[in-house]
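So the chains spell out like this:
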Amino acid sequence: MARFFKNRGANRGLAPGSLVFIGQQKTDTLRVRVIDYDGAKLEEGELQEIRQGGAYKKTQTVTWINVDGLHDLEAIREVGTTFGLHPLVLEDILNTGQRPKVEEFDDYLFICLKMIHFDEASQRVVAEQLSMVLGETFLLTFQERPGDVFEPVRERIRKQKGRIRASGIDYLGYALLDTIVDNYIYVIERLGEQIEDMEAAVLGDPTPSVMENINSMKREMAYFRKSIRPAREAIVKLAKMDNGLIKTDTVPFLKDLEDLVTQATEAIDTYRDMLSDHLNMYNSAVSNRMNDIMKVLTIFAAIFIPLTFIAGIYGTNFEYLPELHYKYSYFVFWGVMIAVAGIMLAYFKRKNWL
Amino acid sequence: MARFFKNRGANRGLAPGSLVFIGQQKTDTLRVRVIDYDGAKLEEGELQEIRQGGAYKKTQTVTWINVDGLHDLEAIREVGTTFGLHPLVLEDILNTGQRPKVEEFDDYLFICLKMIHFDEASQRVVAEQLSMVLGETFLLTFQERPGDVFEPVRERIRKQKGRIRASGIDYLGYALLDTIVDNYIYVIERLGEQIEDMEAAVLGDPTPSVMENINSMKREMAYFRKSIRPAREAIVKLAKMDNGLIKTDTVPFLKDLEDLVTQATEAIDTYRDMLSDHLNMYNSAVSNRMNDIMKVLTIFAAIFIPLTFIAGIYGTNFEYLPELHYKYSYFVFWGVMIAVAGIMLAYFKRKNWL
Amino acid sequence: MARFFKNRGANRGLAPGSLVFIGQQKTDTLRVRVIDYDGAKLEEGELQEIRQGGAYKKTQTVTWINVDGLHDLEAIREVGTTFGLHPLVLEDILNTGQRPKVEEFDDYLFICLKMIHFDEASQRVVAEQLSMVLGETFLLTFQERPGDVFEPVRERIRKQKGRIRASGIDYLGYALLDTIVDNYIYVIERLGEQIEDMEAAVLGDPTPSVMENINSMKREMAYFRKSIRPAREAIVKLAKMDNGLIKTDTVPFLKDLEDLVTQATEAIDTYRDMLSDHLNMYNSAVSNRMNDIMKVLTIFAAIFIPLTFIAGIYGTNFEYLPELHYKYSYFVFWGVMIAVAGIMLAYFKRKNWL
Amino acid sequence: MARFFKNRGANRGLAPGSLVFIGQQKTDTLRVRVIDYDGAKLEEGELQEIRQGGAYKKTQTVTWINVDGLHDLEAIREVGTTFGLHPLVLEDILNTGQRPKVEEFDDYLFICLKMIHFDEASQRVVAEQLSMVLGETFLLTFQERPGDVFEPVRERIRKQKGRIRASGIDYLGYALLDTIVDNYIYVIERLGEQIEDMEAAVLGDPTPSVMENINSMKREMAYFRKSIRPAREAIVKLAKMDNGLIKTDTVPFLKDLEDLVTQATEAIDTYRDMLSDHLNMYNSAVSNRMNDIMKVLTIFAAIFIPLTFIAGIYGTNFEYLPELHYKYSYFVFWGVMIAVAGIMLAYFKRKNWL
Amino acid sequence: MARFFKNRGANRGLAPGSLVFIGQQKTDTLRVRVIDYDGAKLEEGELQEIRQGGAYKKTQTVTWINVDGLHDLEAIREVGTTFGLHPLVLEDILNTGQRPKVEEFDDYLFICLKMIHFDEASQRVVAEQLSMVLGETFLLTFQERPGDVFEPVRERIRKQKGRIRASGIDYLGYALLDTIVDNYIYVIERLGEQIEDMEAAVLGDPTPSVMENINSMKREMAYFRKSIRPAREAIVKLAKMDNGLIKTDTVPFLKDLEDLVTQATEAIDTYRDMLSDHLNMYNSAVSNRMNDIMKVLTIFAAIFIPLTFIAGIYGTNFEYLPELHYKYSYFVFWGVMIAVAGIMLAYFKRKNWL
């Protein structure tokens, strides 16, 4: 199945805004967690019915509702009606092949990104979709499967660490994005180490498997880049956004995030260049190897073929062949052969082939 | 015949706005279907004469007139006079080599795109031209041949599914464009799967036919890209358009379409890069193969040529050749040869050639 | 002589605006044709003296004066004084190495383009300079040699075909540009067919002459591109120009021209990519061929060199060589050789070399 | 460990603004030097406690506080509270993997760059982070380890050389940046010489170590570029900045700096291209070498294999083989062999292989 | 020594604006020539002391002061004080590694360009720095060594040719720039001819020296481009400049210059592409050559190795070897060998190797 491009093509003919889950179902149960807090109080729980979330919409506290699992179309539709979301937003939440983006609606922002991790077993970069709806009094997040990636943020909320409890919805949104981007950086660092280490293998022993490794890393980098470049665009757009939802205090944090993600995309480009250089080195090394092989062949052939020829002459059965009958012929014959071999070796020496 | 570029070059010297059909005639009959609806009522039928369509122009209902077949110049001219189109628009409708674009006129928009499908038999991407004229009360579409690509939209109109019956001309236009873009995505997904699967073949058995496949896929991607990139430009332009013909409600839908088509063009670029990587891998694999071949040759030559030479020495007929007459000469001779072969093998072993 | 870049470098040290003809003289005689028309009347003739043209400057009719041949500096200077042109314009008209451009002066536009045709004999793209001065009541055109490229436009004027007689100077200018661009498209179509056909040759029989063809086509495309890309810039500039010389009615026509020339430049880029792909395929095919050659060599060498060695052993003249004296030695010897050859063949079979 | 990309990925889950030192600790002690001057007076010393620096904040003299060593988080935090810095600024100061940038805050600028030097021993470009906080009355600089790179600036301050004592904080900031950029230029000049000298080695003796040198230089250039390109962006931004901190008099100096760093980045790009050309030349040279080797092999094989074959014929033991018994057979045999060798040599001569 | 990048890196630690001559001293004496003219009168002479030039500063005539030789720091400093130049301008004048640029000061423009010529002896492009200060009543030019490149302009001034005597300082400045750009064009034409001629050598006889020529031409083009691209930027900036120093009448001339230099940079890019194509052709030709060599080897080996083997069989000394004793064995033996050779030849013929 296509890994690099999966979108709603399979659902041709449906009306826009039709709710269809596109992707692989990664969890069986739908889990809706809610955290509601302000500087003073904190409430944490799980919702049985999504429409219960509607109550939080009106309060001025910061409400974060996290939905794990996207397979339950009915639930997603209910989110839509409860929080007044545009049908296209719901469609995008369900489409795990959605391109990362930020969209501005009248009273909320829709943010869609990829969470990245590197799967050691398959040596593949794995992307999972994260959608976020940032309203004035609530933040909705949608993940493909239950994950603990946001646990540190929850922890910070619970322990009143940092400025999170003192800030609003926009800072919470930033904190989550920051967690995702930190993860990008962690994965790039991991891959980067592998890539930088590859150079030794290329120079040391250029076997075909080295080439396969380089190429598979190249493919993973391309896959990563596909997720992170539009993420950068989205974050740049967010940092420039000028509406009531993003407060002035949060802007420096978003700009910092922009720097980070810019640096991450640059690092990916640098590593891609490095992989190309590795490939070039690999190909040069293969050529050099071929040269070595050919040199050995040529040296052997050029020394022994003439000698064999000389031996062949004195293996002929001509009746009248004077050299055969001289007493020291055989020794002269050896002398000649050693001389020929010596000349050849000197020639190859001078050509720098030895 | 040139497949990648076909335009009105063959008609040099004609006045601009002259009506000439450029392309291959793909249907014999001209068929004009009309659907006329608003929220309440729906009328569907076929027109015998194009000028009958003029009646719909004045009504406030949504009228969609679809023309299949472009060979009948007279009919196209009649469309022009009935709906008051610019001669250049008519010329563009008839030129199937037209570059996708959106053009704004005083009281209508002209949109020209390619419908894409992948022909399994010839393994080629096939593009068919779709022209669209979006007026205040009517939508005209022109296809090269009768096709059922818009059937799902008709179905939605008939069944009052989605928001289509409740919306205006601009939403209908969007719905048709959406159908076309969904098709792009479907085709890219199909091609993408093939491209991603190619990697195994490249690494497994790099025969020349693998290279031909990669190159033919590259060519198809180039052909596809030629259609889809200007389509993207056109849709971006449409989503930004600020006139009475596109209503504010429809803009988010067009922006969504823009996202989709952007993602599609990015996917094409990713796949093009991947095909280049495949080619590089193919070439590396061919070099590796050459190395293997040369190694076998060199090993055989470097072992047996010296041995043959030694045998040649004792095949000479020198009268005085002492070694020939010793009793164990022959066995010593074998010993020497085995030793030489052993040394060579050890050497190749150390060089990692075995 | 440099074909790709020829400019006024050879005239270093001359004052700017000095009139020097740069290029090859392509005609002996200077010919000045004039057509003067409006919707009602038409007058056509030839001028003996250029200053006669001055009379047309004041009339409100559309006057088109076409000058064939640029070698007569005196005549060009006279045009300058008669129609009040800037010395730099005259210098540009005479410099056939001028880069295509549009320049706006107070009461006229100066347009400079290349007319392209493909010379079958030399298989080369040939560019000829066309300069155009578009004033309020007159249009001057300058060609390097008499040509019939504008004959169809004259025909349309004479026959009152299309809107040309009803329109002004700007439409006439457009009609001429349109003729030139149609020619670009025709030439690209011709070259494109050749390029698309090359693929079969590359895959079929990759001889060095195929590579030379690809490279010479690449060079021609580069030459073409050098003319057409600045022409595109010029036409884009023209379509955006906002002054009294270009009327609103003509703008859609210029935009149409812009589309055409954009499509032409894109086609050139596509074909350049295709030629690069052809070259890559050629190189891969050459490598594959090398592999085939090496396989044949290796198979022969690896089978017969050991066999020759075995024969060599029994060609030695050792006095005590037991095998020589057994009755069936010779047949065993054959058996061994056939076995060795069989093993080798099986090995190559398994390696997929046969 | 990844050298090309090191950021705060390892600290996933921490709150933004948390102070963590990212990098290698390069010094044991923290050293805080202060220079305070105006046109008239100069005071130089070392601070025991960072909070003593607060006193300088209010005076109108130019105060430059330089901190060597970043490992002491407490000290950095104290700087923050003393001078009122944003937590993100402190985080960036401590993150030695930070991307060069300029950030504008309400009453100070934060500038972050890399100091570059080329380590002869490891043949590597080494980057050290320099952070700078430019307030209205103070300039803070933070280095990873004590270095004398700014000593010349101190010297100029002490000796009242140039305009430094007569100018303000902004000029001091510029003077430090100028020192850093001068260092970039010095390093590029050094590397450039090495790169330009490599050409001779490539053409002379293309051993694999030459290729490794080219590739390692390429990698160093990539590493350098990673630091200098964002530095350029930062300086461009600084030169355009329009606030009270940068005075009009200093702007031409910053523009001059911008020119220098632009030229430096262009030089890096030029050298990168040159290294690519070197690699291409290397690969061509390797191919040529292979051709030479193959020519030698082919010449030897093609001359001696037929000769050996002829000798082989007369080494057969056929009972009835007439040539063996003629008196001059042996000499004719030699004649034939010399003729064959001569023909082959002439053939290779004509093919230009000798 | 680095040729591609030479800047003030060696002077690290000096205060900005310190006067240091960077480059090679190319003349021993300092020569200061002055031309002072208006439409009516002309005065030409040489200055002994630079401060005498100050007198011309106040007159309304056009004064052109040309300084040959940059080694005399004192003289340059005097120019600075006499004409009131910024210290950074003086520093740039003395730095022959300065990047071409235009800078606007309050009452003068500073322009810095490279004069290019092609040194036939070393086959290298040589760049010399030209600095220009364009004030309201004076024009200062600084050259590295006395040259006659501006002699034609002086001639035009003396002979009242063209518009130069009737125009102001800005036109004089333009005239000098025009001379420099004409020189660029002349050099590109010269190099272009060489590059276009190279193709024949590549296709005819691809020796390593051909590759070295291509690469050295590539390097020269890179060197040229390094000078001309920023020169283009500078001229574009100049043509757009909107201050009292550049008069409206001169703008079309500057635009014309812009066209020329644009065309020159495009020509350089075209030639760079062409050189890359040449290299590709060279590499393909080398591969083809290798194929030819291998074909010869393989044909010889594949024909003669089996034949030698057959001869070897009948050279064995088996006691019981029936064929040896038949009367026509030897002739049958020949027949078999001719048949084997014929079959091989037919096989190679079919493979298109002959």
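Along each chain, residues carry numbers from 1 onward, in the same order as the chain's sequence is written. The naming scheme follows written order: chains are lettered A onward, ligands numbered 1 onward. Only residues with pLDDT of at least 70 are given local features in this predicted model, and only at 80 or more are side-chain atom pairs given and counted; all residues enter the totals for whole chains, interfaces and linings.

The subject of this paragraph is the overall build of chain A. Within chain A one finds eight helices and seven strands. Only the C-alpha atoms count toward the radius of gyration. The rule for a globule is 2.2 Å times the residue count to the power 0.38. For chain A, whose C-alpha radius of gyration is 34 Å, the value lies well above the compact-globule estimate of 20 Å for 354 residues. C-alpha extents for chain A along the principal axes are approximately 120 × 45 × 30 Å. Expressed as a percentage of the 354 residues in chain A, the buried residues total 49%. Each residue gets a C-beta atom placed from its backbone, and two residues are in contact if those atoms lie within 7 Å. Contacts in chain A between residues far apart in sequence, at least 24 positions, make up 71% of those at least 6 positions apart. Numbering of helices and strands runs from the N terminus, with a helix taken as a DSSP run of H or I at least four residues long and a strand as a DSSP run of E at least two residues long. Put simply, a residue is buried when 20 or more other C-beta atoms lie within 10 Å of its own C-beta and exposed when 12 or fewer do; between those, it is partly exposed, and each C-beta is set from the backbone.

Looking now at the relation of the copies chain E and chain C. Superposition of the copies was done by least squares, using only C-alpha atoms of residues whose pLDDT is at least 70 in both. Placing chain E over chain C gives an RMSD of 0.1 Å and needs a rotation angle of 72 degrees, together with 0.0 Å of translation along the axis. The two molecules are tied by a five-fold rotation axis, judged by turn and shift. Proximity to the rotation axis, assessed at the C-alpha, singles out Gly315(E) in chain E; its C-alpha lies 4.5 Å from the axis. Take the interface residues of chain E: only 17% of them recur as interface residues in chain C, which is what a contact between different surfaces looks like.

Residues and elements named next belong to chain D. A pair of strands is treated as paired once DSSP finds two or more bridges between them. One open sheet accounts for seven strands, arranged 2-1-3-7-6-5-4; its pairing is mixed. Two strands lie at the open edges of the sheet, namely strand 2 (42-47) and strand 4 (101-104), each paired on one side alone. In this sheet, adjacent strand axes meet at a mean angle of 15 degrees when their direction is disregarded. Bridge analysis of strand 5 (residues 108-119) against strand 6 (residues 124-135) gives 12 bridges, and the strand direction is antiparallel. Note that in strand 6 the partner of Tyr108 across the bridge is Gly135. Axes here refer to lines fitted to C-alpha atoms; in helices the fit is confined to the stretch in contact. Angles between the N-to-C directions go from 0 to 180 degrees. Sheet contacts for helix 5 (residues 169-204): strand 3 (62-68), strand 5, strand 6 and strand 7 (138-143); angle to strand 5, the most-contacted strand, approximately 25 degrees.

A word on the sheet that holds strand 3 (residues 62-68) of chain A. Residue and element names in this part refer to chain A. Reading across the sheet, the seven strands line up as 2-1-3-7-6-5-4 and stay open at both edges, with mixed pairing between neighbours. What marks the edges here is a single partner per strand, and that holds for strand 2 (42-47) and strand 4 (101-104). For this sheet, the mean inter-axis angle between neighbouring strands, taken without regard to orientation, is 15 degrees. In this sheet, strand 7 (residues 138-143) lies alongside strand 3 in parallel orientation, the contact comprising six bridges. Counterpart to Asn66 in the pairing with strand 7 is Thr141.

This paragraph deals with the environment of Tyr314(C). Mapped onto the elements, Tyr314(C) comes out in the loop between helix 7 (251-313) and helix 8 (329-350). Using a count of 22 C-beta atoms within 10 Å as the deciding quantity, one classes Tyr314(C) as buried. Counting along the chain gives 16 residues from Tyr314(C) to Tyr330(C), while the straight-line C-alpha distance between them is 9.6 Å. In contact with Tyr314(C), not counting residues within four places along its chain, are Glu323(C), Leu324(C), Phe333(C), Thr316(E), Asn317(E) and Phe318(E).

At the junction of the two partners, chain E supplies 53 residues and chain C supplies 53 residues. The set of elements that each furnish at least two residues to the side of chain E that touches chain C consists of helix 4 (151-158), helix 5 (169-204) and helix 7 (251-313) of chain E. No other element matches helix 7 of chain E, which puts 30 residues into the side of chain E that touches chain C.

Residue and element names in this part refer to chain B. The buried count for strand 3 (residues 62-68) comes to six of seven residues, which makes it a mostly enclosed element. Alignment of strand 1 (residues 31-37) against strand 3, held across seven bridges, turns out to be antiparallel. Bridge assignment links Tyr37 to a residue of strand 3, and that residue is Val62.

Moving on, we get to helix 3 (residues 87-94) of chain E. Residues and elements named next belong to chain E. By the criterion of burial, helix 3 is predominantly enclosed, with six of the eight residues buried. Turning to helix 3, its buried residues are Val89, Leu90, Glu91, Asp92, Ile93 and Leu94. Packing partners of the buried residues in helix 3 comprise helix 2 (73-83), strand 5 (108-119), strand 6 (124-135) and strand 7 (138-143).

Turning our eyes to something else, we now look at the relation of the copies chain A and chain B. Superposing chain A onto chain B requires a rotation of 72 degrees together with a translation of 0.1 Å along the rotation axis, leaving an RMSD of 0.2 Å. Little of the interface of chain A is mirrored in chain B: 17% of its interface residues are interface residues there too.

On to the domain arrangement of chain A. For the domain bounds, the source is a domain assignment made automatically or taken from a database. Each domain of chain A was delimited in the assignment, giving domain 1 (8-284) and domain 2 (290-350). The distance between the C-alpha centroids of domain 1 of chain A and domain 2 of chain A comes to 74 Å.

Attention now goes to unusual backbone geometry. Even without being glycine, Gln123(C) reaches a positive phi, approximately 55 degrees. Relative to the helices and strands, Gln123(C) resides in the loop between strand 5 (108-119) and strand 6 (124-135). The class for Gln123(C) is partly exposed, based on 13 C-beta atoms found within 10 Å. A positive phi angle, near 70 degrees, is found at Asn352(D), a position not held by glycine.

A few words on helix 6 (residues 208-240) of chain E. One fewer than the residue count of a helix, multiplied by 1.5 Å, yields its expected span. Counted at 1.5 Å a residue, the expected span for helix 6 of chain E with its 33 residues is 48 Å, and the 48 Å between its end C-alpha atoms agrees. A maximum bend of about 25 degrees is found in helix 6 of chain E at Arg225(E). Bend at a given residue is defined as the angle between two axes, one fitted to the seven residues that end at that position and one fitted to the seven that begin there.

What follows deals with the packing of helix 2 (residues 73-83) of chain D against helix 3 (residues 87-94) of chain D. Residues and elements named next belong to chain D. Interhelical geometry of helix 2 versus helix 3 gives an angle of 145 degrees and a closest axis separation of 10 Å. Helix 3 is crossed by helix 2, and the crossing has right-handed handedness. Residues Ile76, Arg77 and Gly80 of helix 2 touch helix 3, and the partners they reach there are Leu90, Ile93 and Leu94. Taken together, the residues of the contact of helix 2 with helix 3 break down into four nonpolar, one polar and one charged. Each helix crossing is assigned a hand: it is left-handed if the near helix lies turned anticlockwise from the far helix by less than a right angle, otherwise right-handed if that turn is clockwise. Amino acids are sorted into nonpolar (Ala, Val, Leu, Ile, Met, Phe, Trp, Tyr, Cys and Pro), charged (Asp, Glu, Lys and Arg) and polar (every other residue, Gly among them).

The next subject is the interface of chain A and chain B. At the junction of the two partners, chain A supplies 53 residues and chain B supplies 53 residues. Of all elements in the fold, only helix 6 (208-240), helix 7 (251-313) and helix 8 (329-350) of chain A reach the threshold of two or more residues within the side of chain A that touches chain B. Sorting elements by how many residues they give to the side of chain A that touches chain B places helix 7 of chain A first, with 18 residues. Along the lines of polarity and charge, the residues of the side of chain A that touches chain B split into 29 nonpolar, 13 polar and 11 charged.

All right, on to the pairing of strand 2 of chain D then. Residues and elements named next belong to chain D. Among the six residues that make up strand 2, zero are buried, leaving the element largely open to the surroundings. Here strand 1 (residues 31-37) pairs with strand 2 via six bridges, running antiparallel. Bridging across to strand 2, Val32 finds its partner in Leu47. Where strand 1 folds back on strand 2, the antiparallel hairpin that results is connected by four residues.

Residue and element names in this part refer to chain A. The predictor reports its confidence for every residue as pLDDT, a score running from 0 up to 100. Looking at chain A, the pLDDT average stands at 89 and 99% of residues meet or exceed 70. Mean pLDDT across the secondary structure elements of chain A bottoms out at helix 1 (residues 54-58), with 86, and peaks at strand 7, with 94. For this predicted complex, the interface confidence score (ipTM) comes to 0.85, while the overall pTM stands at 0.89.

Time to look at the packing of helix 5 (residues 169-204) of chain B against helix 7 (residues 251-313) of chain B. A pair of packed helices can be characterised by two numbers: the angle between their axes and the separation between those axes. All names here are of chain B. Running from N to C, helix 5 and helix 7 cross one another at 20 degrees; their axes reach a closest spacing of 10 Å. If you check the angle between helix 5 and helix 7, you find them roughly parallel. Helix-helix and strand crossings are classified by hand; for helix 5 and helix 7 the assignment is left-handed. Looking at side-chain class alone, the contact of helix 5 with helix 7 contains 25 nonpolar, two polar and two charged residues. Any angle from 65 to 115 degrees is called roughly perpendicular, while one under 35 is roughly parallel, one over 145 is roughly antiparallel, and all others are oblique.

Right, let's talk about the environment of Lys349(A) for a bit. For Lys349(A), the location among the structural elements is in helix 8. In this structure the C-alpha to C-alpha distance between Lys349(A) and Glu155(A), which are 194 residues apart in sequence, comes to 72 Å.

All names here are of chain C. Relative to the elements of secondary structure, Val32 occurs in strand 1 (residues 31-37). Accessibility expressed as a C-beta count within 10 Å gives 20 for Val32, which makes it buried. Separated by 13 residues in the primary sequence, Val32 and Gly45 place their C-alpha atoms 8.7 Å from one another. Aside from chain neighbours lying at most four places away, what touches Val32 is Glu46, Leu47, Ile50, Ile65 and Val67.

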